[in-house]
Amino acid sequence: MRFEVLRIALSALRANLLRSLLTMLGIVIGVAAVIAMVALGDGAQQSVRDRIAKLGTTVLQIDAQRITQNGVQQQATKRMTIDDVHSIEDRSPHVFAVQAQQDKPLQLVWGNRNTNITVNGVSANFLQVRNFEIDRGSMFTSADDLGRQRVAVLGAGALTQLGITNPDAILDEKVRIGGIQFVVIGTLKAKGATGFGSPDDQVIIPFSTGRYRVFKTERLDDIYALATSETDLPDAMSEIILAMRRSHRIQPGQQDDFRIRNQADLLQTLGETTQVFTTLLAGIAAVSLLVGGIGIMNIMLVSVTERTREIGVRKALGATRRNILFQFLIEAVTLCLLGGVLGIVTGIGGAILLRNSFGWTTAIGFSSIAMAFVFATAVGIVFGVWPARRASSLDPIEALRHE
């Protein structure tokens, strides 16, 4: 009898094929939108994780900050100097390497081309601490740093700004940085934007060269510390805090005039932000599923009215209320399931199209597909129950009299 009910339900859908397809359209759009939007959000999270990982998850950034007194921000009491670097190196066993940095926006000139870009004076361990790689040429050495050599390594963004497509073209070439002549000895591999600017838009020069020839100041803009491992990050941060407080002669109870940031915290913050973004997109897309469910309920109610006489005949021939209930419920669920399958195919195709045509990062996960499919089934059941109950509760005599 159950197979007979299923056969009758499917026959009713085939009899009104165009209406069935149009009814499914709302479910198709809803499921496709949910899958595509979740894929877009998950892709954004994956992109953030990849880009933060490129910067190094064990890197700690220390910089000076303004202290607050009586609710008013004051100038930092002490700027960072090379003495702070030595203090961290001496008192932080969980710190593998420390890199000092000074930076300033300056004009970079090569031939008749020029651009304004951030110039960083860094120590020779820059590549190790900051997780960069040389693309062409070489990195300057500690001897170059001590000798205050006028050599420079250009980031991939600097090449783009100068209109250079072949990095080899600028190797061993002379450029002017802030009016001072340097020789380009290398270029860096691109890392890509991180959401907070691009680390590729920079030029690096030896720290001592920048300190005495370009920036002419003892003040450091940043100190970067490389922890021995991710698990050692808390210990490394505690050691750096104690070293910096000792170096700055900060008394117990006084506020720090520096701050420490790590990429793991940034990754967590951005991950939470993109998760909210993904949930919002999925919620908006799910509204179309709700609308599709309402459309199915409306069509099923119309179908009950149109087939009142048929229902009366079936009841007169022995069909029970349960048979009629399951027949109309199967019709509603079948519409949603078929719509869900078509929506899944459309959603996956849409995510691939966004990736290939617009270059957006998308990540299609089984969980989003399963969620959309289960939601589509639930919509069919929820919005199909009322029309089915209405059909099953019809009085057979009154139904047979219906014109």
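Structural data are supplied above this passage.
If you're wondering where the values come from, they're calculated on a predicted model, not measured in any experiment.

## A closer look at the packing of helix H10 (residues 308-316) against helix H11 (residues 321-358)
Consideration 1: It is the contact of H10 with H11, at a shortest axis distance of 10 Å, that shows an interaxial angle of 140°. Classified by the angle between their axes, H10 and H11 sit oblique to one another. Remark: the crossing between H10 and H11 carries right-handed chirality. Contact residues: Glu310, Ile311, Arg314 and Lys315 in H10; Arg321, Ile324, Gln327 and Phe328 in H11.
Consideration 2: For the contact of H10 with H11, the per-class residue count stands at three nonpolar, one polar and four charged.

## Quick word on H11
Because an α-helix packs 3.6 residues into every turn, residues spaced three or four apart end up facing the same way.
Consideration 1: The terminal C-alpha atoms of H11, which comprises 38 residues, lie 54 Å apart, in line with the 56 Å expected from a rise of 1.5 Å per residue.
Consideration 2: Gly359 sits one or two positions beyond H11 and adopts a positive phi of about 75°.

## Digging into the packing of aromatic side chains
Consideration 1: In total, this model carries one aromatic pair according to the counting rule given.
Consideration 2: Taking NZ or CZ as reference, Arg130 lies 3.8 Å from the ring centre of Tyr224, over its face.
Consideration 3: Sitting above the plane of the Tyr212 ring, Arg148 keeps its charged end 3.9 Å from the centroid.

Calculation rules
Residues numbered from 1 in each chain as written. Predicted model: local features only at pLDDT ≥ 70, side-chain atom pairs only at ≥ 80, totals over all residues. Heavy atoms only, no water. Axes fitted to C-alpha atoms, helices over the stretch in contact; angles between N-to-C directions. Helix = DSSP H or I, 4+ residues; strand = E, 2+ residues; numbered from the N terminus. Parallel < 35°, antiparallel > 145°, perpendicular 65-115°, else oblique. Left-handed = near helix turned anticlockwise from the far one by under 90°. Contact = heavy atoms within 4.5 Å. Nonpolar A, V, L, I, M, F, W, Y, C, P; charged D, E, K, R; others polar. Expected span 1.5 Å × (residues − 1). Phe/Tyr/Trp six-rings, centres within 6.5 Å; stacked < 30°, edge-to-face > 60°. Lys NZ or Arg CZ within 6 Å of the ring centre and 35° of its normal.

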